[in-house]
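Secondary and tertiary structure notes
Chain residues, written in single-letter form:
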Amino acid sequence: MAVFALILVAWGIVLDLLLLFALPFVGQCGVMGELIKMAGCDAPLDKFQTLTCWLFAICGCVRALAGFYPTEKGVWYAAASTFFLEVALTIHLSATLNDAAGAIGFWGSGGGGF
């Protein structure tokens, strides 16, 4: 469980809070534009992109908390729910299922026969 806790801390702080939240707000949109196709990233951010960034910040905080407190069941359930929320939001907001393929676990375009 300790290894998974460290992964959640790194995921929450580095990926979600740094790469997907902080960098777009300072005009560094390369990572966000590459990883989150549905939102894109243009400087300055529009309302949709800003909302997406804040969503990833919230998810990052919850995921990091689960890693910092690995014995607390409630925060682990909350962290697990952030992954489901992220997948559901990506599917809902993507233009096609191929755009959402990465979020639902199919890597590459056209995975899963969509």
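See the structure printed just above.
This one's a predicted model, so the numbers in the text were calculated from it and none came from an experiment.

Cut-offs used in this document
- Residues numbered from 1 in each chain as written.
- Predicted model: local features only at pLDDT ≥ 70, side-chain atom pairs only at ≥ 80, totals over all residues.
- Heavy atoms only, no water.
- Patch = residues over 30% accessible without salt bridge, like charges linked within 9 Å, V, L, I, M, F, W, Y side chains within 5 Å.
- Areas by Shrake-Rupley, 256 points an atom, 1.4 Å probe, with all protein chains shown as cover.
- Salt bridge = Lys/Arg side-chain N within 4 Å of Asp/Glu carboxyl O.
- Helix = DSSP H or I, 4+ residues; strand = E, 2+ residues; numbered from the N terminus.
- Buried < 20%, exposed > 50% of the residue type's maximum accessible area, 1.4 Å probe, protein only.
- Expected span 1.5 Å × (residues − 1).
- Contact = heavy atoms within 4.5 Å.
- Polar contact = N/O pair within 3.5 Å; in protein donor to acceptor, adjacent residues only side chain to side chain.
- Axes fitted to C-alpha atoms, helices over the stretch in contact; angles between N-to-C directions.
- Parallel < 35°, antiparallel > 145°, perpendicular 65-115°, else oblique.
- Left-handed = near helix turned anticlockwise from the far one by under 90°.
- Nonpolar A, V, L, I, M, F, W, Y, C, P; charged D, E, K, R; others polar.

**A word on a nonpolar patch on the surface**
On the surface, I13, V14, L18, L65, F68 and Y69 cluster together into a nonpolar patch covering about 550 Å² of accessible area. For the nonpolar patch, the secondary structure elements donating two or more residues are helix 1 (2-25) and helix 3 (47-68). Considering each element in turn, the nonpolar patch owes the most residues, three residues, to helix 1. In this structure, V14 sits in helix 1. Under the relative-accessibility criterion, V14 is labelled partly exposed at 42%.

**Regarding helix 3**
Compared with an ideal rise of 1.5 Å per residue, which puts 22 residues at 32 Å, helix 3 spans 31 Å between its outermost C-alpha atoms and is within 8% of the ideal. For helix 3, the full list of buried residues reads Q49, T52, C53, L55, F56, A57, C59, G60, R63, A64, A66 and G67. Here the buried face of helix 3 lies against helix 1, helix 2 (30-35) and helix 4 (73-93).

**A word on the side chain of D16**
In this structure, D16 sits in helix 1. The class for D16 is buried, based on a relative accessible area of 1%. A distance of 2.7 Å separates polar atoms of two side chains, one belonging to D16 and the other to R63. Ignoring any residue separated from it by four or fewer positions in sequence, one finds D16 in contact with W11, F21, F56, C59, G60 and R63.

**Remarks on the packing of helix 3 against helix 4**
The contact between helix 3 and helix 4 brings their axes to 8 Å, and the two run at 155 degrees. Here helix 3 lies roughly antiparallel to helix 4, going by the angle between them. Helix 4 is crossed by helix 3, and the crossing has left-handed handedness. Of helix 4, the residues touching helix 3 (which contributes F48, L55, F56, C59, V62, R63, L65 and A66) are V75, W76, A78, A79, T82, F83, L85, E86, L89 and L93. Of the residues assigned to the contact of helix 3 with helix 4, the class counts are 15 nonpolar, one polar and two charged.

Such coordinate-based values are descriptive only and should not be taken to indicate function.
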